[in-house]
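What follows is each chain in one-letter form.
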Amino acid sequence: MFKKILYFASVIVIFSSFNFRDNIPPSGWYQQFMPSLGNATLSDISFPDSLIGYASTTRDTNTHNSYILKTTNGGDNWFVSLTDPFNRNFTRVKFVNVNTGYAAAKYSSVSNGLYKTTNSGNNWILLEDFKDLTEYEDISVINAETLYYVDDDFFSGGVYKSTNGGLNWTRKFDGGNFNPVKIYMYNERIGFITRGTSSTSRFYKTTNSGDNWTLIPNTGGFEKLKFIDSLNGYKCRELNFYNTTDGGITWDTLLKSFLNYPLSYGINNFNVLNKDTIWGTGGFIAINSNQTRGIIQITTNGGKTWGYQKVDTSFNIRGVYGLIEFINNNIGWVYNIEKQISLPSISGVHTVTGGDTIIHLVDIKQISSEIPINFKLYQNYPNPFNPKTKISFSVKREKSIIKLQVFDITGKFVSELVNQNFSAGTYEV
């Protein structure tokens, strides 16, 4: 890059080291709230279009109610669409279009249940109400008539399939001690199940609608799984993020979780828009020793490099985001799972512009812990560059706030690479 760019960047780094901060808050995201739900937590969200959305909750231990919520204005207002009073936990809510959807619940002293609506949540029909027989750990809905669910029970569990909208079920897999807790069906033929979410969990694939399942060794389970075609897919587990290009047989690591105080980075949930753009949750920035603030993670080059976006601190959303849903490049939702102490109810953020214009890069490595004599911004290499360069800088004292920005040759702001606390040492971006 040209010297003018490095000049601007070096001035900002030095000033930032002495706690210079601008007062422009992050943009592109605004806050939304659920109604008061006691101590119930969110378990899933589903948006069939930009305005209509649904959310499922666990049970409120005070009232024993669990809920399905609905919005008709993109999440700005939510109302209760279904109340289940039987001490159940809703695990999933899935809609195939604005009218037809399913909600699955488990773990109740009374029963486990599966609900269905065909009129956009105005009415819900209880399809299955098993007592001590079926636990709806997870469901995968292909279309209005075809869906699968999994149950990890040793005796009655396995994989079940319905081809008539949940009225009748056929058992497609019985693994005994290895019955699954997660299922993802890319289409009616191709799908995956797993017993757990660790690196040692069993991972199975079907290519014939669940009639046969093949154990794929040495791949581990998944917390969430998503394919964009029959070969290319993505999954997260234990905050790490992986992709496959051969239909799930082998997996490469796109992002390994890390902690570089105050930044913690990892993926616990994600949304894939295409081979380039992936949004994720699971990371946070530590405010102090007992407070964290969630970040929204993003890659726009298929996972080769990652960045994150922050939301306005006035929202007072703490912890880690857990639910994320995007329907296109611009419209998305990111929600906390549980209510924050400082807020009246469960909250999240929504964008209709593709989020903030600033993406903070996270490819930061400490290359020396030796305490430098001075703050220093080193010559980047290569220079000039397109599209990549390496920039090194030194920090001479503990807990210095470093801001590193890039401008083009005309002085126009391009990107903010760094804006966080660093301990003494030398770093490379």
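Residues numbered from 1 in each chain as written. Predicted model: local features only at pLDDT ≥ 70, side-chain atom pairs only at ≥ 80, totals over all residues. Heavy atoms only, no water.

### Some thoughts on the side chain of Ser 392
Here is step 1: Tracing the backbone through its elements, the reader meets Ser 392 in strand β36 (residues 392-395).
Here is step 2: Residue contacts for Ser 392: discarding those within four places in its chain leaves Ile 367, Lys 376, Leu 377, Tyr 378, Tyr 427 and Glu 428. (Helix = DSSP H or I, 4+ residues; strand = E, 2+ residues; numbered from the N terminus. Contact = heavy atoms within 4.5 Å.)

### A few points about the sheet that holds strand β3 (residues 53-57)
Here is step 1: Taking strand neighbours across the sheet as the criterion, the four strands line up as β2-β3-β4-β5 in an open arrangement whose pairing is antiparallel. Every interior strand has two partners, whereas the edge strands, β2 (42-46) and β5 (79-84), have only one. The mean inter-strand angle of the sheet, taken between neighbouring strand axes irrespective of direction, is 20 degrees.
Here is step 2: By the bridge criterion, four bridges tie β2 to β3 in an arrangement that is antiparallel. From the neighbouring strand, Ser 46 faces β3, where its bridge partner is Tyr 54. (Pairing = 2+ DSSP bridges. Axes fitted to C-alpha atoms, helices over the stretch in contact; angles between N-to-C directions.)

### Some points on the environment of Ser 140
Here is step 1: One can find Ser 140 in strand β10 (residues 138-141).
Here is step 2: The contacts of Ser 140, once residues within four sequence positions are left out, are Leu 147, Tyr 148, Ile 183, Tyr 184 and Met 185.

### Considering the packing of aromatic side chains
Here is step 1: For the coordinates displayed, the defined rule picks out 26 aromatic pairs.
Here is step 2: Pairing Trp 29 with Phe 326 gives two aromatic rings, centres 6.3 Å apart and planes at 85 degrees, and the pair type is edge-to-face. In this pair, Trp 29 sits in the loop between α1 (3-17) and β1 (30-33) while Phe 326 sits in strand β30 (residues 323-326), placing the two residues 297 residues apart along the sequence. Comparing Trp 29 with Phe 326 shows no difference in burial state: the two are buried.
Here is step 3: Their ring planes at 80 degrees and their centres at 5.9 Å tell us that Phe 47 and Trp 78 sit as a pair that is edge-to-face. In this pair, Phe 47 is assigned in the loop between β2 and β3 and Trp 78 in the loop between β4 (66-71) and β5, connecting sequence segments 31 residues apart. The pair Phe 47 / Trp 78 is uniform in exposure class, with both members buried.
Here is step 4: A network of ring pairs unites the aromatic residues Tyr 184, Phe 192, Phe 203, Phe 222, Phe 227 and Trp 251 as a single cluster.
Here is step 5: Lying across the ring of Phe 178, Arg 202 places its NZ or CZ 3.6 Å from the centre.
Here is step 6: Residue placement shows Lys 224 over the ring face of Phe 270; its charged tip is 5.5 Å from the ring centre. (Phe/Tyr/Trp six-rings, centres within 6.5 Å; stacked < 30°, edge-to-face > 60°. Buried < 20%, exposed > 50% of the residue type's maximum accessible area, 1.4 Å probe, protein only. Lys NZ or Arg CZ within 6 Å of the ring centre and 35° of its normal.)

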